[in-house]
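Spelled out from the first residue to the last, the chains are:
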Amino acid sequence: MSKVYKVLIVGLGNIGFLYDFDNKQKDLITTHAKAFEKHKKFKIIGGVDLVQHNRIDFEKTFKVKTFESIKEGLTNLKPDIIVISTSTNNHNICLKKILDKRIENSIILCEKPISDNIGETEKILKKLRDLNNYVYVNYMRRADPGVLEIKRRINNGEIKLPMKGLCYYTNGVYNNGSHLLDLCIFLFGRAKNKKLISENIDINSRDPNIDFHINFANASVTFLNIKDLPYSVSTAEFYSKSG
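Notes on the structure in this doc start here.

Cut-offs and rules
- Residues numbered from 1 in each chain as written.
- Predicted model: local features only at pLDDT ≥ 70, side-chain atom pairs only at ≥ 80, totals over all residues.
- Heavy atoms only, no water.
- Helix = DSSP H or I, 4+ residues; strand = E, 2+ residues; numbered from the N terminus.
- Buried < 20%, exposed > 50% of the residue type's maximum accessible area, 1.4 Å probe, protein only.
- Pairing = 2+ DSSP bridges.
- Axes fitted to C-alpha atoms, helices over the stretch in contact; angles between N-to-C directions.
- Contact = heavy atoms within 4.5 Å.

Another point: unusual backbone geometry. It is generally the case that most residues other than glycine have a negative phi and that most peptide bonds are trans. At the junction of Lys-112 and Pro-113, the peptide bond is cis and its omega measures out at -15° in the coordinates. Structurally, Pro-113 is set in the loop between strand S5 (107-110) and helix H5 (118-130). Here Leu-161 and Pro-162 are connected by a cis peptide whose omega angle stands at 0°. On the secondary structure map, Pro-162 appears in the loop between helix H6 (145-155) and strand S7 (163-169). Although it is not a glycine, Lys-63 sits at a positive phi angle of roughly 55°. Position of Lys-63 among the secondary structure elements: in the loop between helix H2 (52-62) and strand S3 (65-67). Exposure remark for Lys-63: the relative accessible area of 71% places this residue in the exposed category. You will see that Asn-105, though not glycine, has its phi angle at about 55°, which is positive.

Written out as structure tokens, the structure is:
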């Protein structure tokens, strides 16, 4: 019998649980909780959240225990997979608490960004990997069937390289723009060089809105931020000589 992986969800807000709480469309999956619930290889064993009514709703929905702190959750449960879907500024705090508990041999799926400090992020990731943990950031476009088809066509030469691209995003380079940046890395290889286009940057912002250009191994792509919109934008256009 194949293994069923035990899942602890830390952060029972929108992306963790709430988007699907009142969702009546059975086939529409917009949260970690519903995605794991629908797959027979996974079993949700608990949740963690500071907000009591989120915990109560989660307990009623999945018939599992919940906890107010990640420390309490990891003390009482032994998950194979830990999902971190808390508010952005708590991602690295949760990872540090996992380190404090000396968790080993686990899979950790973290919402982006892990931190706004590259040096701090690299140190945390190294310590987690030293304990034989696997850490993944939830850049979900890497698993999108359409993206995988584009990747396949690039790899077999149906789509000719190099390519040129234009990406538009709103709501910060870390939270939204990084999805498009990771998509380009996945399709075209690592960045070779970069150029900042923006002239005016709010240096006090934890998630700046900037325009920039990057030459990847197999593409040249410009990223443009659209400010002051009441809705979210995340689009990418890629052009090849083959179409």
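Still more to cover.
All right, on to the sheet that holds strand S11 (residues 234-239) then. The sheet built from 5 strands is open, its strands ordered S8-S9-S10-S7-S11 with mixed pairing. Two strands lie at the open edges of the sheet, namely strand S8 (191-196) and S11, each paired on one side alone. Taken over all neighbouring pairs, the strand axes of this sheet differ in orientation by 15° on average, direction set aside. Sheet topology note: the strand S9 (residues 212-216)/strand S10 (residues 219-225) ladder contains 4 bridges and is antiparallel. Its bridge partner being in S10, Asn-215 is matched across the sheet by Ser-220. The sheet strands contacting helix H7 (residues 173-188) are S7, S9, S10 and S11, and the helix crosses S11 at an angle near 25°.

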